[in-house]
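Commentary on secondary and tertiary structure
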Amino acid sequence: MKRAAHAVELFAVVGGLLFAAAPLMAGLPPTFEKDIRPILKAHCFDCHGEGEKLNGGLDLRQQRLMLQGGDDGPVIVPGKPEQSLLFKLVHSGEMPKRDQKLTHEQVALIQHWIATGAKTARPEPAELGQHGGITDEERAFWSFQPIRQPTIPATKPKDRARTPIDAFLLSAMAKPKLSFSPDAAKVTLLRRASFDLLGLPPTPAEVDAFLADSAPDAYEKLIDRLLASPHYGERWGRHWLDVAGYADSDGYSDADPPRAYAYKYRDYVIRAFNADKPFDQFITEQLAGDELAHATQGSLQAALADPQKLDWLIATGFLRMGADGTATPAVADPDAVRNQVVADTLKIVSTSLLGLSVGCAQCHDHRYDPIPQTDYYRLRAVLEPAYDGKNWRTPDQRLISLYTEADRKKAAAVEVEAKQLADEKETKQKQYLEEALTKQLEKFESPVREQLRAAYDTAADKRTAEQTKLLADNPSVNLNAGVLYQYNPKAADDLKARDAKIAEVRERKPPEDFISVLTETADPAPITYRFHRGDPRQPKEAVRPGGLSVLAPPGQAIEWPEKSAELATTGRRLAFAHWLTSGTNPLVARVLVNRVWLQHFGRGLVGTPADFGHLGERPSHPELLDWLASDFVEHGWQLKRLHKLIMTSTAYRQSSRRDPQRAQRDPDDRLYWRKPIQRLEAEILRDAILSASGAINEKMFGSPVPVRPDVHGQIVVGFDKTVGDNKMPVEESLNGEEFRRAVYIQVRRSRPLALLNVFDAPVMEVNCDRRQASTVAPQALMLMNSQFMLEQAARFAQRLQKESGENRSAQIRDAWRLAFSRLPTAPEQAAALAFLSCQTDHLKAAGEPEVAEKKTVKPDQPTKPTPELQALTDLCQALLSANEFLYVD
């Protein structure tokens, strides 16, 4: 993540240098608004314009204010940079005072601007608000412009354009004289589509059926079948869980308490994707499900009884995904911890839906994007009725019981019965203890007997020092239920039986289930204040709920009522959701279709999916991005339709094979003349291994599969149980649950599963807007040495022996089909046969000599595999570690 952030920063710096130097290169006279203000905003406005006070009395937010000057007089003299204090200070490096100075190009641009008359693009307003307003140039930035519906470029039959997507890509290819690569082979398309939509390889039967289907629409039918699979929701739900920051624990502290019911939000997401829920509805439910259900914290019972409304409530788990340490005991600064929960939630919302780093405006106006600090707190005001810092609710206090009134009555009746049995047991226990004590005291002479009795009958905190010593000197009189078995075994067994009966009765209670939701209380909504420097202990002026000012007409603001007249809640989050999904918001649809494109092609049309601002990359194909966004909204925000549109394009269906001539013109394939190769994501790699071995458990939904440290400290799947003083892990069967798909494995922030972690699965500090795909040595070591890989390779080999018989050629054929979805080539078949023969001979030679007596084997000791099975296991492990298995072309 840090490397990615550094790369984006570097890109932004380089881009900034080119942008700053552009007027010099083009010979255009620079203007304040377009060329100079962005530099000063990034480096100087904090002290000279946007802070609580003006350092040196100088405001740099307008040209006229620089002419007016500060304590040292005017800082610019138009036409004379050498006499201008602004130029002299930045040229010498004296300003800005912070470590990051202006670049040589930026200093040169300021010099050139002053030399050419320090011009402005238009007359400047006479009054400036606290945050200086937003300029026309800032509003003109590409991502803040309305989404256009560009004309689809014309194509020729030889271009092989199947969809408008192809037409836009071909238009960009025309200048460098590029074209699409030939279509990929059918089996390649099947494997590509299956992994893309399901995250699972096609079965050999599915491969045979697709290859045998010669219909012209065979591929289109394949896409429809994959989109209809329940595994689609598991695959694409995982993508959304990344940007939502999904985790099964609270984070913040080393304790990292588990979130026992967070999985219900995960299941909601999977169901929503499978149902192809319109994405505008999906967004609205997650932001304001409780408001859709007309539910507040104190009036939830009616909503809980309605399956639809219950689903809406679960959807608000999206706003509960951030780390939450507010229940941590003895936290040093509770206000700061609460503030961080809200800040992380805003980061999740803004990066996932707006594609902007809104969080950079928490402490001051955004340095690069037109997001004033007040905008940050307007968005915060949307959330604060549910995240009230003065009436805070910890994670456990936000859990809502699903008990019905009937459940409560039944539980109460059961408890009455259990209480009666418990009282009877207590009476009996007192009787048994009294009998044992009396019998024990008979062994003592008077007056010690009476003194011991008096000491025993006195409460521990009321005993005298002499009584305490007397009991300590005679431990046999210190009777309690825990040691009763030493004095009266039959009585102890009776009490144990009574405990079992009480437990049996209590088990008849209906199990109590919970959901973790975001709700507002019925209390008046809190007032939101702008925090000085982002410090919650320094509130300034009150702020109303609203959206980003840059998306409003000049001079206007996007604000919503502080309290809805129609709802029991404030209605702020519902208003926010409607603004996002209105179809006129220029960011949301672009951000969403870019994320879908990113997953299908390995990179987005915008390479920074969570930053559509000035520090982010510009779109490689802006017209295609806008066409996809407008088409997505026009056709009801249907994600499955968008998948099919992309996946039936020639751009998607073409081969990934590299062509030297094309690569010379576009070495990075930025124009999509071939399909990019993509490595399997961590979870999909694990699922693919389980699929090949035949161990995969396709059970859907429910509580997460637990994780624990193994004896080496690596995090693996399993119950977290230990024994002994050295806390050795205890192996306990999960009854096949350990082989469920990775999306169902517990996501503990402090315990990332070792296999997933090494293959770049994110650790949810906040959320993950884009995964990295590293190639590092620990990945190879994990594939070679991890217990999971060794066990699955063995299962793979056992599967081959069972399904293919003892014929090695058949085993090799089926191994290739299960691992690579194809038959081995003749050289591969020959090499595999030679390996099996050589490896088997080697294992036989290295094995222990045969003895007449059979060795005694303990029942729990695994049977050593035969040399033939071990050789096949070694081959299977090699296949599961091969690039062809790890990558999809």
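Calculation criteria
Residues numbered from 1 in each chain as written. Predicted model: local features only at pLDDT ≥ 70, side-chain atom pairs only at ≥ 80, totals over all residues. Heavy atoms only, no water. Helix = DSSP H or I, 4+ residues; strand = E, 2+ residues; numbered from the N terminus. Buried < 20%, exposed > 50% of the residue type's maximum accessible area, 1.4 Å probe, protein only. Contact = heavy atoms within 4.5 Å. Areas by Shrake-Rupley, 256 points an atom, 1.4 Å probe, with all protein chains shown as cover. Salt bridge = Lys/Arg side-chain N within 4 Å of Asp/Glu carboxyl O. Expected span 1.5 Å × (residues − 1). Polar contact = N/O pair within 3.5 Å; in protein donor to acceptor, adjacent residues only side chain to side chain. Axes fitted to C-alpha atoms, helices over the stretch in contact; angles between N-to-C directions. Parallel < 35°, antiparallel > 145°, perpendicular 65-115°, else oblique. Left-handed = near helix turned anticlockwise from the far one by under 90°. Nonpolar A, V, L, I, M, F, W, Y, C, P; charged D, E, K, R; others polar. Phe/Tyr/Trp six-rings, centres within 6.5 Å; stacked < 30°, edge-to-face > 60°. Disulfide = S-S within 2.5 Å. pLDDT = per-residue confidence, 0-100.

Here we take up the overall build of the protein. Regarding its fold elements, the protein presents 35 helices and ten strands. Once the C-alpha set of the protein is aligned to its principal axes, its extents read approximately 115 × 80 × 55 Å. Put simply, the protein has 889 residues, and 51% of those count as buried. For the protein, the proportion of contacts with a sequence separation of at least 24, taken over those separated by at least 6, is 70%. About 41,600 Å² of surface is accessible on the protein, with carbon and sulfur atoms providing 55% of the total.

On to unusual backbone geometry. In this model, Met 95 is joined to Pro 96 through a cis peptide bond whose omega is -5°. Here Pro 96 is to be found in the loop between helix H4 (85–92) and helix H5 (104–115). Here Ser 446 and Pro 447 are connected by a cis peptide whose omega angle stands at 10°. Position of Pro 447 relative to the elements: it lies in the loop between helix H18 (405–441) and helix H19 (448–457).

Moving on, we get to the pattern of salt bridges. If you walk through the whole model with that rule in mind, you get 62 salt bridges. Here Glu 803 and Arg 799 are joined by a salt bridge, their closest N and O atoms 3.1 Å apart. In this pair, Glu 803 and Arg 799 both sit in helix H31 (residues 787–804), four residues apart, roughly one turn of the helix. Taken together, the shared-partner salt bridges connect Arg 238, Asp 242, Glu 683 and Arg 771 into one network.

A few words on helix H32 (residues 808–820). When the terminal C-alpha atoms of H32 are compared, their 18 Å separation across 13 residues agrees well with the 18 Å that a helix rising 1.5 Å per residue should span. Taking burial as the measure, the 13 residues of H32 include ten buried ones, the bulk of the element. For H32, the side-chain oxygen to backbone nitrogen distance between the N-cap and Ser 809 is 2.9 Å, and the N-cap itself is Asn 807. In the segment just after H32, Ser 821 is the residue with positive phi, at about 65°.

A few words on the packing of helix H12 (residues 263–274) against helix H15 (residues 307–315). Two elements in contact, H12 and H15, have axes separated by 9 Å at closest approach and are oriented at 115°. Regarding the angle of H12 to H15, the classification is roughly perpendicular. The handedness of the crossing between H12 and H15 comes out as left-handed. Between H12 and H15, the contacting residues are Lys 264, Tyr 265, Tyr 268 and Arg 271 on the first element and Asp 311, Ile 314 and Ala 315 on the second. Its residues assigned to classes, the contact of H12 with H15 comprises four nonpolar, no polar and three charged.

What follows is about the packing of aromatic side chains. Applying the stated rule across the entire model yields 27 aromatic pairs. Where Phe 168 meets Trp 627, the ring centres are 6.2 Å apart and the plane angle is 45°; that geometry is what we call tilted. In this pair, Phe 168 is assigned in helix H7 (residues 164–173) and Trp 627 in helix H24 (residues 622–634), connecting sequence segments 459 residues apart. Classification of Trp 627 by relative accessible area gives buried; the value is 11%. Members of the aromatic cluster, connected to one another through ring pairs, are Tyr 232, Trp 240, Tyr 265, Tyr 268, Phe 273, Phe 279, Phe 282 and Phe 318.

Scanning all chains against the criterion turns up zero disulfides. The structure places no disulfide on Cys 360, whose sulfur is separated from the nearest cysteine sulfur, that of Cys 363, by 9.5 Å. Cysteine Cys 876 remains unbridged, with the sulfur of Cys 838 as its closest cysteine sulfur at 17 Å. On the basis of relative accessible area, Cys 876 is assigned to the buried category, the value being 0%.

Quick look at the side chain of Gln 654 now. Within the element layout of this structure, Gln 654 appears in the loop between helix H26 (650–653) and helix H27 (660–665). Engagement of the side chain of Gln 654 in a polar contact is seen with the backbone oxygen of Tyr 672, the distance being 3.0 Å. Contacts of Gln 654, omitting those with residues within four sequence positions, involve Phe 180, Ser 181, Pro 182, Asp 183, Ala 184, Arg 192, Tyr 672, Trp 673, Arg 674 and Lys 675.

In this section: the confidence of the model for the protein. Of all residues in the protein, 95% have pLDDT values of 70 or greater, and the mean over the chain is 92. Of the regions scoring below 50 in pLDDT, residues 850–859 engages in one contact with residues more than four places distant in sequence or in other chains.

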